[in-house]
Amino acid sequence: MSEQPVPADHARQQLEPAAADGLRAYAARTRENADQLAAVLEDIATNGLPSVEDCTPWEELRETHLARLTAQRPAVA
């Protein structure tokens, strides 16, 4: 993102309160996800990669995620 200040002659358009709240919630979720990823990377940097036996195969993760998405999707007649 740009760190340049907004020129004074360009007024910023304010968001509706509900849209601003939604944007703040999205920012909080994104920040939380980034913090979790950073923690995992720091753990790997400190302790090394986990053993293969302690990992979940990507195919299993994919199937779990697809099942979650399917459950969230409304059924089509």
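Going by the structure above, here's the rest.
Here's a quick rundown of the structure. Since the structure is predicted, the reported quantities are computational estimates derived from the model, not experimental observations. (Residues numbered from 1 in each chain as written. Predicted model: local features only at pLDDT ≥ 70, side-chain atom pairs only at ≥ 80, totals over all residues. Heavy atoms only, no water.)

**Describing the pattern of salt bridges**
- Scanning the model with the defined rule gives two salt bridges in all.
- Measuring nitrogen to oxygen at the nearest pair gives 3.2 Å for the salt bridge that ties Asp21 to Arg24. Here the residue Asp21 and the residue Arg24 both occupy positions in helix H1 (residues 17-47), the gap between them amounting to three residues, near one helical turn.
- Judged by relative accessible area, which is 55%, Arg24 ranks as exposed.
- Between Glu63 and Arg62 there is a salt bridge, with its nearest N and O atoms 3.0 Å apart. (Salt bridge = Lys/Arg side-chain N within 4 Å of Asp/Glu carboxyl O. Helix = DSSP H or I, 4+ residues; strand = E, 2+ residues; numbered from the N terminus. Buried < 20%, exposed > 50% of the residue type's maximum accessible area, 1.4 Å probe, protein only.)

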